[in-house]
Amino acid sequence: MPGLVLFGRRWAIGSDDFVLPGAFELFVRLVWWIGILVLYTVHKGQFNCPGGGLLHSYLLGLILLLASIICALSALVYISMQGTISNPGPRKSLPKILYTRLLLYFPEFIWAVVGAVWVSDNSVQCEKTVINGVIGTVIASWIIIIFTIIGAVIVFDPLGGKKTFYLPDGVSRNLESSQSGQLLYNVKSSATRVWEKRIRLLCCCIVQDDDHRVAFTSIAELFRNYFSDTDLVPSDIAAGLILLHQEQDKMENCPKEPEEVLCHSPSSLVTDDLDVELENAAHYMLFAAAAYGWPYYVYTNPYTALCKLNGDCCRNRRTDSDITGSDRHNFHFGSILKITGLQYRDFIHISFHNKIYEIPFFVALDHKKEAIVVAVRGTLSFEDILTDLSADCEDLTLEEVLENGFVHKGITQAANYIYGKLINDGILNQAFTIAPEYKLVIVGHSLGGGTASILAIMLRNSFPTLRCYAFSPPGGLLSKSLADYSKHFIVSVIVGKDLVARLSMPNMEDLKRRIVRIVANCNRPKYQILLRGCWYEVFGGDPDDFPTELDGRNQDALTQPLLAEESLMVHRSPSYNALEEESHLNSPPQYPHLYLPGKIIHILEECSSRRLCSSDIKYTARWSNETVFSSILISPKMITDHMPDVVLRALKSLSQEHGSCLSCQTREYNPSAL
């Protein structure tokens, strides 16, 4: 729903967001009020001790104050429970009640000060129980006041006080006029500055240079464009994600058509090719995981990693190893050695250098597969996050591709950095001098997978036989022409409902539209959606069948946005800034469609407990295409399916299963066994 307007500005909280926090505070206040009432009743007539007169007045005033607060909270919770997310009409009186509740903080603050003064007075010699009760009251009062201030800071919207830029319906906007154009420019600039300040605050601990400042501005504009055209508060988004997850689960539980099942039946040739690629992927995923260094090793071996690394930290490195960047105590290199099982002499170059657009990588000789492996690290620092979020598009022209290709800007700059190191610094020449018959393989996970893919495209002309394995790469990476070109030498591996593999600006816009639509059309109050959604996520069960305004509407009507849906777009809302001229629900896409690189292996859980952790998880894999990842899926595993240890475990499981099947077939057809 539109954000609550209070004190003449918009806040990042809705009028239906006071049910749960208000009910919790109401419970605390009721217990508190009953306790003070019992304390006053039991000790009534016993206030003749030094300081007892002030104590009597304090307790009596506190009882009345708590009773007033309880009444205000009861009315606040009741009004907040009315209506739906897109129908705030029944809650129109809530601001007045909220003003009343906020006014009661002034006497509560005064009473907390009086109680603190009374407790600190050494001349007070009343009963110990009474003194402890007053101390508890003072502490509780200050805790509630402090948490209220923190809550106000959290829901404060820096843009909430800006003037609304909108015109009545039927009046055309003349954005060419100097007045309206300047106003729109000022609002957009203010929004960009707010987002830039937030990003700078999050990255305050890293050294900032010109590259960082450019990235901050670019990312701020990206966030401003994405969030500027809706008037949703965070709880609306949470409710929308819950509704989408349950709707998605209901769709998955529907039986598939026979034609849909048959179309996924692979031929034996495709299956054999898949088995080979899965075996290779399981092997090279070790290198992609090793690129994370000691954080990954400690994460996967929490009880023994530090002891093992401490035993190696004092060993001397090879003097001829080409190592750049900081690696105190040899933890990173030691972890890479343990994860890959390689020797010191197998490493050609290792870089731990990390800046924005410059990510760590290493080059090693893999004698088992007779390959020179370039492993690129994924996201592990604020600099890496900035590289990920630099999601503008830039051109990448190749002679083999007729159409000019678009690529992710930040990841492409990271690939350019590694390309310069490999070619200009002669690292690959050195590697092929040592092992001229080896093939070149480039691997990486997450950001590393995206960087490895673009790096492979850049190196394809010089090394026609190279292969690339991209594990869980970002979805918004390559344009269609480049994605098709990369299918000859890149294999992407995606597990389950991995969020990152589906993460692109068009997909994010689609998710926003879906959230707006399902939130606007749901006829249940938000608190019911959140409570039932939390129960469903934790304990499972059947998805709730929430009634919506879509029920009973004909197909033609479903293509038109509802009034409630349009009310959540800022150009219709007088409570927030209209930064865009038209609703984005039916507008053409702002960003070009970018896709996953190469051929795609999609790994799914075949059978496991949906809610509880299970060590007996079986996986199934199949070739997939980019259209499967054209929508973000909501799931509790959308983050965990992206983790490198989950990807490695799935690949090892499939590789071992394939190996056991081959051994079974060998025994079955062994003539000596007949």
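Conventions used here
- Residues numbered from 1 in each chain as written.
- Predicted model: local features only at pLDDT ≥ 70, side-chain atom pairs only at ≥ 80, totals over all residues.
- Heavy atoms only, no water.
- UniProt positions renumbered as here; feature names shortened; annotations may be inferred.
- Helix = DSSP H or I, 4+ residues; strand = E, 2+ residues; numbered from the N terminus.
- Buried < 20%, exposed > 50% of the residue type's maximum accessible area, 1.4 Å probe, protein only.
- Contact = heavy atoms within 4.5 Å.
- Areas by Shrake-Rupley, 256 points an atom, 1.4 Å probe, with all protein chains shown as cover.
- pLDDT = per-residue confidence, 0-100.
- Salt bridge = Lys/Arg side-chain N within 4 Å of Asp/Glu carboxyl O.
- Patch = residues over 30% accessible without salt bridge, like charges linked within 9 Å, V, L, I, M, F, W, Y side chains within 5 Å.
- Phe/Tyr/Trp six-rings, centres within 6.5 Å; stacked < 30°, edge-to-face > 60°.
- Lys NZ or Arg CZ within 6 Å of the ring centre and 35° of its normal.
- Axes fitted to C-alpha atoms, helices over the stretch in contact; angles between N-to-C directions.
- Parallel < 35°, antiparallel > 145°, perpendicular 65-115°, else oblique.
- Left-handed = near helix turned anticlockwise from the far one by under 90°.
- Nonpolar A, V, L, I, M, F, W, Y, C, P; charged D, E, K, R; others polar.
- Expected span 1.5 Å × (residues − 1).
- Arc of directions from axis to C-beta.
- Lys, Arg positive; Asp, Glu negative; His and termini not counted.
- Polar contact = N/O pair within 3.5 Å; in protein donor to acceptor, adjacent residues only side chain to side chain.

The name given to the protein chain in an unreviewed UniProt entry is Diacylglycerol lipase-beta, with Hirundo rustica rustica as the source organism. The UniProt entry for the protein chain carries the following comment under Subcellular location (unreviewed entry): "Cell membrane".

### Focus: the overall build of the protein chain
The number of helices and strands found in the protein chain is 23 helices and 13 strands. Counting every position in the protein chain, which comprises 674 residues, the buried fraction comes to 49%. Counting contacts in the protein chain only where the partners sit at least 6 residues apart, residues at least 24 apart contribute 74% of the total. Here the protein chain displays about 33,000 Å² of accessible surface, and carbon together with sulfur accounts for 60% of that area.

### Regarding the environment of Gln82
Mapped onto the elements of the fold, Gln82 is located in the loop between α2 (52-80) and α3 (94-103). With relative accessibility at 26%, the residue Gln82 sits in the partly exposed group. Along the primary structure Gln82 and Asp16 are separated by 66 residues, whereas in three dimensions their C-alpha atoms are 7.6 Å apart. Each residue touching Gln82, except ones within four places of it in the same chain, is listed here: Pro90 and Arg91.

### Examining the UniProt feature "transmembrane region" (unreviewed entry) in the protein chain
As annotated by UniProt and renumbered to match this structure, "transmembrane region" (unreviewed entry) occupies residues 18-43, 55-81, 102-119 and 131-156. In residues 18-43, the share of helix is 92% and the share of strand is 0%. The end C-alpha atoms are 36 Å apart. End C-alpha atoms of residues 102-119 are separated by 26 Å, and the span's content is 94% helix alongside 0% strand.

### Description of the confidence of the model for the protein chain
With 76% of its residues at a pLDDT of 70 or more, the protein chain shows a mean pLDDT of 79. Scored below 50 in pLDDT, residues 570-588 makes 66 contacts in the model with residues more than four places away or belonging to other chains.

### Description of the pattern of salt bridges
Overall, the coordinates contain 20 salt bridges when judged by the stated rule. Between Glu25 and Arg29 there is a salt bridge whose closest N-O contact spans 3.2 Å. Here Glu25 and its partner Arg29 are both found in helix α1 (residues 19-42), four residues apart, which amounts to about one turn of the helix. What makes Arg29 buried here is its relative accessible area of 0%. Ionic pairing is found between Asp425 and Lys421, a salt bridge with its closest N-O pair at 3.8 Å. Residue Lys421 is classed as partly exposed on the basis of its relative accessible area of 28%. The network of salt bridges with common partners includes Asp16, Asp17, Arg91, Asp236 and Lys526.

### Regarding a nonpolar patch on the surface
Side chains of Ile135, Ile139, Ile143, Ile146, Phe147, Ile150 and Ile154 sit close together on the surface and give an oily, nonpolar patch of about 680 Å² of accessible area. Among the secondary structure elements, Ile154 is positioned in helix α5 (residues 128-154).

### Notes on unusual backbone geometry
What is expected of a backbone is that most residues other than glycine have negative phi and most peptide bonds are trans. A positive phi angle, near 55 degrees, is found at Phe7, a position not held by glycine. Examined against the element boundaries, Phe7 turns out to sit in the loop between β1 (5-6) and β2 (9-10). Of note in this structure, Ser472 is not a glycine but carries a positive phi near 50 degrees. Of note, Ser472 is situated in the loop between β10 (467-471) and α18 (480-486).

### A word on the packing of aromatic side chains
Under the definition given, this model contains twelve aromatic pairs. Judged by centre distance (5.2 Å) and plane angle (75 degrees), the ring pair of Phe7 and Tyr99 falls under edge-to-face. Residue Phe7 is found in the loop between β1 and β2, and its partner Tyr99 is found in helix α3; the two are separated by 92 residues along the sequence. Residue Phe7 is classed as exposed on the basis of its relative accessible area, which comes to 53%. What makes Tyr99 partly exposed here is its relative accessible area of 32%. An angle of 15 degrees between the planes, with centres 5.4 Å apart, marks the rings of Phe432 and Phe463 as stacked. Here Phe463 lies in the loop between α17 (447-459) and β10 and Phe432 lies in helix α16 (residues 427-434), a separation of 31 residues in the sequence. Take Phe463: its relative accessible area is 16%, and that puts it in the buried class. Here a set of aromatic residues connected by ring pairs shows up, and it is made of Phe333, Tyr344, Phe347 and Phe362. One residue, Arg101, lies across the ring of Tyr105, its end atom 4.0 Å from the ring centre.

### So, the packing of helix α15 (residues 409-424) against α17
The relative placement of two packed helices is expressed as an angle between their axes plus a distance between the axes. The geometry of α15 relative to α17 is characterised by a closest axis approach of 8 Å and an angle of 55 degrees between their N-to-C directions. Between α15 and α17, the crossing angle belongs to the class labelled oblique. Viewed along their axes, α15 and α17 form a crossing whose handedness is right-handed. From α15, Ile411, Thr412, Ala414, Ala415, Asn416, Ile418, Tyr419, Leu422 and Ile423 reach across to α17, where they touch Leu447, Gly450, Thr451, Ile454, Leu455, Met458 and Leu459. In terms of residue class, the contact of α15 with α17 is built from twelve nonpolar, four polar and no charged.

### Things to note about helix α4 (residues 105-120)
Across its 16 residues, α4 extends 22 Å between first and last C-alpha, which sits within 8% of the 22 Å expected from 1.5 Å per residue. Of all the residues in α4, the buried ones are Tyr105, Glu108, Ala112, Gly115 and Trp118. End-on, the buried residues of α4 take up no more than an arc of 140 degrees, which puts them together on one face. In α4, those exposed residues whose orientation departs by more than 90 degrees from the buried face are Phe106, Val117 and Ser120.

### A few points about the side chain of Ser141
Locating Ser141 in the fold gives a position in helix α5. If sequence neighbours within four positions are ignored, Ser141 has contacts with Trp32, Glu108 and Ala112.

### What about the side chain of Asp346?
Looking at the element boundaries, Asp346 is found in the loop between α13 (331-340) and β4 (347-351). Buried Asp346, no salt bridge; nearest opposite-charge side chain is Arg345, N-O distance 4.4 Å. At 2.8 Å, the side chain of Asp346 forms a polar contact with the side chain of His367. Leaving out residues up to four positions away in the same chain, Asp346 has contacts with Val363, Ala364, Leu365 and His367.

### Remarks on the packing of α4 against α5
Close contact between α4 and α5 brings their axes to 9 Å; oriented N to C, the two are set at 140 degrees. Judged by the angle between their axes, α4 and α5 are oblique. Between α4 and α5 lies a crossing whose hand is left-handed. Here α4 contributes Tyr105, Glu108, Phe109, Ala112, Val113, Gly115, Ala116, Trp118 and Val119 to the contact with α5, which in turn contributes Ile131, Val134, Ile135, Val138, Ser141, Trp142, Ile144, Ile145 and Thr148. Taken together, the residues of the contact of α4 with α5 break down into 14 nonpolar, three polar and one charged.

### A few points about α13
The element α13 is largely enclosed, with a buried count of nine among its ten residues. Listed in full, the buried residues belonging to α13 are Phe331, His332, Phe333, Gly334, Ser335, Ile336, Leu337, Ile339 and Thr340. Gly341 sits one or two positions beyond α13 and adopts a positive phi of about 75 degrees.

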